[in-house]
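Working through the structure, step by step
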Amino acid sequence: MLRSLFFNPVSSFSSVSQLGFSRFLIFNEITARKSRMGTSCYTTSSGQTARLLFRQLFEKESSTYTYLLADASHPQKPAVLIDPVDKTVERDLALIKDLGLNLIYAMNTHVHADHVTGTGLIKTKVPDVKSVISRASNGKADCLVEPGDKIIFGDLFLEVRSTPGHTLGCVTYVTGDGPNQPQPRMAFTGDALLIRGCGRTDFQGGSSVQLYKSVHSQIFTLPKDTLVCPAHDYKGFTVSTVGEEMQYNARLTKDEETFKKIMENLNLPYPKMIDIAVPANMVCGLQDPSVSASI
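Structure report, in brief. Residue numbers here run from 1 along each chain, matching the order of that chain's written sequence. This being a predicted model, a pLDDT of at least 70 is required before a residue's local features are given, and a value of 80 or more before pairs of side-chain atoms are given or counted; all residues contribute to the totals for chains, interfaces and linings. With hydrogens and water stripped out, all remaining heavy atoms of the structure feed into the side-chain values.

**Some points on the packing of aromatic side chains**
Aromatic rings from Phe, Tyr and Trp, with only the six-membered ring used for Trp, were paired whenever their centres fell within 6.5 Å, and each pair was classed as stacked if the ring planes differed by under 30 degrees, edge-to-face if by over 60, and tilted otherwise. Summed over all chains, the structure comprises 6 aromatic pairs. On the numbers, 6.2 Å between centres and 45° between planes, the contact of F54 with F188 is tilted. Taken as a pair, F54 in strand β5 (residues 49-59) and F188 in strand β14 (residues 186-190) lie far apart in primary sequence, 134 residues in all. Relative accessibility decides the category of a residue: with a 1.4 Å probe and only protein chains considered, values under 20% of the type maximum give buried, values over 50% give exposed, and everything between is partly exposed. Under the relative-accessibility criterion, F188 is labelled buried at 1%. Aromatic side chains Y65 and Y67 sit 6.2 Å apart centroid to centroid with 45° between the ring planes, which places their arrangement in the tilted category. Using a relative accessible area of 1% as the deciding quantity, one classes Y67 as buried. Three or more aromatic residues joined by ring pairs make a cluster, and in this case those are F54, F58, Y65, Y67 and F188. The way it works is that DSSP assigns letters per residue, a run of H or I at least four long becomes a helix, a run of E at least two long becomes a strand, and they are numbered from the N terminus.

Below you can see the structure in the form of structure tokens.
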């Protein structure tokens, strides 16, 4: 059943069901610049009116991308933040303030193992913000989303697609499809699909077979010009497209059995942050609010 989380300018927040780039991007019209903060800055147009405000931000220690999206044409300028990191919360909130945005959702694509999410810390500083994670993750958040849900901010929305395999609860957030939504679409894939790679599948209920099916059924079925915006990159890439990954991804272009063997033989080290990050991220990143608030 389709459910929606939506921004109401009268009551500020509401929930229909209390659910719980090494290149320029090409939209209908786009201007891009590099800011002094080291973020990738893009303004897109949908039709005649500039609507989606988009920023890609980077946390260097875990090589994590955080994404800021806002409906710049809406009077309230509602915004969402995808995969924030605790260490860069001050930077992110300063940018949101500078841009005059109203942050309503702080969202995670999954329970991360390589960093502590910033959602809990954000909530201590901006109490009206609602945290979002998938119900399948078994994590705690204000809004627990399921496949097919829509996260609405202003006149824009993100569609929730279930993409487990890296972890049990991974989801991909995809910008809306429709005449008033920015084109091409954007897929925030978390660790399910990386640029020319994918997330590991050897912990947190991961499954190489499940990941293969998730990517091929939920991401590779999107239009080929859909922009792939992953949670991490370790080689300096910033963005890809579904078409590129279908052609050049070194793992996911293989057949399922070959992919399974590749993932079984990665021999990756035990994640250095997992014993700290996972317990914290199961509760929105706050193990001790009084300590975290002082960071």
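**Digging into helix α1 (residues 89-98)**
All buried positions along α1 are accounted for by V89, R91, D92, L93, L95 and I96. G100, located one to two residues past α1, shows a positive phi value of around 70°.

**Quick look at the pattern of salt bridges**
The salt bridge criterion pairs a side-chain nitrogen of Lys or Arg with a carboxyl oxygen of Asp or Glu, the two atoms within 4 Å. Under the defined criterion, the tally for this structure stands at 13 salt bridges. Two residues, R135 and E146, come together in a salt bridge whose shortest N-O distance is 2.7 Å. Placement of the pair is R135 in the loop between β9 (130-134) and β10 (143-145) and E146 in the loop between β10 and β11 (150-153), with a sequence separation of 11 residues. For R135, a relative accessible area of 35% puts it in the partly exposed group. With its nearest N and O atoms 3.1 Å apart, the salt bridge here joins E159 to R185. Taken together, the residues E159 in strand β12 (residues 156-162) and R185 in the loop between β13 (171-175) and β14 connect sequence positions 26 residues apart.

**Some thoughts on the nonpolar core**
Grouped together as the largest cluster of nonpolar side chains are 25 residues, with contacts concentrated most on L69, M107, I151, L158, Y173 and F188. Setting aside residues no more than four positions away along its own chain, F188 makes contact with F54, Y67, L69, I82, T109, L158, V171, T172, Y173, T175 and C229. Here, nonpolar core refers to any group of buried Ala, Val, Leu, Ile, Met, Phe, Trp, Tyr and Cys residues whose side-chain atoms link them within 4.5 Å. Only heavy atoms enter the contact rule, under which two residues are in contact if any of them lie within 4.5 Å.

**Quick look at unusual backbone geometry**
Excluding glycine, residues mostly carry a negative phi; peptide bonds, for their part, are mostly trans. With an omega dihedral of -5°, the bond running from Q183 to P184 counts as a cis peptide bond. Mapped onto the secondary structure, P184 falls in the loop between β13 and β14. Despite not being glycine, D83 shows a phi value in the positive range, around 55°. Positionally, D83 belongs in the loop between β7 (78-82) and α1. When its relative accessible area of 1% is taken as the criterion, D83 is described as buried. The phi dihedral of N267 is positive, around 50°, even though this residue is not glycine.

**Examining the pairing of strand β15 (residues 227-230)**
The alternating pattern of β15 places L227 and C229 and V228 and P230 on opposite faces, both of which are buried. This β-α-β element, β14 to helix α3 (residues 208-219) to β15, shows right-handed connectivity. Looking at chain direction, β15 and strand β16 (residues 240-241) are connected through 2 bridges and run antiparallel. Across the sheet, residue L227 finds its bridge partner in β16, namely T241. With the strands aimed away from the viewer, a crossover counts as right-handed if its path from the first strand over the helix to the second runs clockwise. Two strands qualify as a pair provided that DSSP identifies no fewer than 2 bridges between them.

**Focus on the side chain of Q181**
Relative to the helices and strands, Q181 is located in the loop between β13 and β14. Its relative accessible area of 7% is what places Q181 among the buried residues. Polar contacts here mean pairs of N or O atoms no more than 3.5 Å apart (in protein, one a potential hydrogen donor and the other a potential acceptor; neighbouring residues in sequence count only if both atoms are side-chain atoms). A polar contact is formed between the side chain of Q181 and the backbone oxygen of D155, at a distance of 3.0 Å. Polar contacts involving the side chain of Q181 include one to the main-chain amide nitrogen of F157, which spans 3.4 Å.

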